[in-house]
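# Notes for the structure review
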Amino acid sequence: MDWIDALIMGIVQGLAEYLPISSSGHLEIFREILGIDLSGAEALEFDVALHVATVLSTIVVLWREFMPLCVSFFTLRFDSNFTYVCKILVSCIPVAIVGLCFKDIVESFFGSGLTVVGICLIITAALLTFAYFFRTRREIETPATLTDTPHDITWTDAIVMGLAQAVAVLPGLSRSGTTIATGISMGAKRAAVARFSFFMVIIPILGEALLGLKDIASGESATAGSVGAVPLTIGFMASFIVGCLACKWMLDIVKKGKLVWFAVYCVAMGVVCLLWK
């Protein structure tokens, strides 16, 4: 992998991790377009770098909300912030089960062509469209028709969004799109759903990164190798910088209820993937 490929992949990861268009799916698409064929260790090393970069961008953008959560949880204050962190932990249980028990099955969907990516992108579009017409459009245009007012994240919201995140491990099924659409459909506040969605991915990504580093260190990955310091650094920085911008942008998009436009994009890209030869 040269530095240009690394730059492109970093930009793609930074954008697609937050926008509801699937980072895993778009990484697969651009690997196909660019003809990138990394060995097991190289792919793992590069993916870990990109995902850690986007986690750091989440922490940077949401620093004012993130630090009080850490302080309350680690000092056992048992206040609303402590409860919020507990909800995040609960939301991570389903994806942890999938990662530990069905890792091989999930990984079999990656690197096997773009058909699965195309189908999952269309499913993502359907979820975004459903959330818009079921909740967001009525909330914006005719709030009087709603039987309940938008609420903060509840325990039920956390569990259901966690289940949605576990399903969204498939390439092409957007994690942010799936979890945000789920939370909005359940009647939670749009801004609260977006923040919770971004926070709830931190633990799974860091956990996956630690396991990946363990595999690299122990030599358990399929083939020994290294992407190289320059491409790795460029990919990391591109993913971090673009991720910061995309995170801020996505928060604003969700507040304004404009996620439905990404459904159009996902359908178009899904069709392209299904027709790709």
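Calculation notes
Residues numbered from 1 in each chain as written. Predicted model: local features only at pLDDT ≥ 70, side-chain atom pairs only at ≥ 80, totals over all residues. Heavy atoms only, no water. Helix = DSSP H or I, 4+ residues; strand = E, 2+ residues; numbered from the N terminus. Rg over C-alpha atoms; globule rule 2.2 N^0.38 Å. Buried < 20%, exposed > 50% of the residue type's maximum accessible area, 1.4 Å probe, protein only. Contact = heavy atoms within 4.5 Å. Areas by Shrake-Rupley, 256 points an atom, 1.4 Å probe, with all protein chains shown as cover. Lys, Arg positive; Asp, Glu negative; His and termini not counted. Charge placed at Lys NZ, Arg CZ, Asp CG, Glu CD. Phe/Tyr/Trp six-rings, centres within 6.5 Å; stacked < 30°, edge-to-face > 60°. Axes fitted to C-alpha atoms, helices over the stretch in contact; angles between N-to-C directions. Parallel < 35°, antiparallel > 145°, perpendicular 65-115°, else oblique. Left-handed = near helix turned anticlockwise from the far one by under 90°. Nonpolar A, V, L, I, M, F, W, Y, C, P; charged D, E, K, R; others polar.

## As for the overall build of the chain
When you go through the chain residue by residue, the secondary structure sums to 13 helices and zero strands. The helix and strand sequence of the chain, counted from the amino end, reads α-α-α-α-α-α-α-α-α-α-α-α-α. For a compact globule of 277 residues, the expected C-alpha radius of gyration is about 19 Å, and the chain comes in at 18 Å, within 12% of that figure. Taking the principal axes of the C-alpha coordinates as reference, the chain spans close to 60 × 50 × 35 Å. Within the chain, the fraction of its 277 residues that count as buried is 48%. Put simply, 81% of the contacts in the chain that link residues at least 6 apart link residues at least 24 apart. When the accessible surface of the chain is summed, it comes to about 13,100 Å², and 70% of that surface belongs to carbon and sulfur atoms. Of the charged side chains in the chain, 18 are positive and 22 negative; the average position of the first set lies 13 Å away from that of the second.

## Overview of the packing of aromatic side chains
Overall, the coordinates contain 11 aromatic pairs when judged by the stated rule. Residues Tyr18 and Phe198 carry aromatic rings whose centres are separated by 5.1 Å and whose planes lie at 85° to one another, so their mutual orientation is edge-to-face. Within this pair, whereas Tyr18 is found in helix α1 (residues 3–18), its partner Phe198 is found in helix α10 (residues 190–200), the two being separated by 180 residues in sequence. For the pair formed by Tyr18 and Phe198, the shared burial category is buried. Measuring from ring centre to ring centre gives 5.0 Å for Tyr132 and Phe133, while their planes differ by 85°; the resulting arrangement is edge-to-face. Taking the relative accessible area as the measure of exposure, Phe133 reaches 45% and is therefore partly exposed. One aromatic cluster is present, formed by Trp63, Phe66, Tyr84, Phe196 and Phe199 through successive ring pairs.

## Let's talk about unusual backbone geometry
Look at Ser22: it is not a glycine, yet its phi comes out positive at around 75°. Here Ser22 shows up in the loop between α1 and α2 (23–34). Since its relative accessible area comes to 1%, Ser22 is described here as buried. With a phi close to 55°, Leu76 is a non-glycine residue in the positive phi region. Looking at the element boundaries, Leu76 is found in the loop between α4 (63–74) and α5 (80–101).

## Some points on the packing of helix α8 (residues 155–167) against α10
Between α8 and α10, whose axes approach to 11 Å, the crossing angle comes to 55°. Judged by the angle between their axes, α8 and α10 are oblique. Seen along the crossing, α8 lies across α10 with a hand that is right-handed. Contact with α8, carried on its side by Ala158, Met161, Gly162 and Gln165, involves Val193, Phe196, Ser197 and Met200 of α10 and no other residues of that element. Split into classes, the residues belonging to the contact of α8 with α10 amount to five nonpolar, three polar and no charged.

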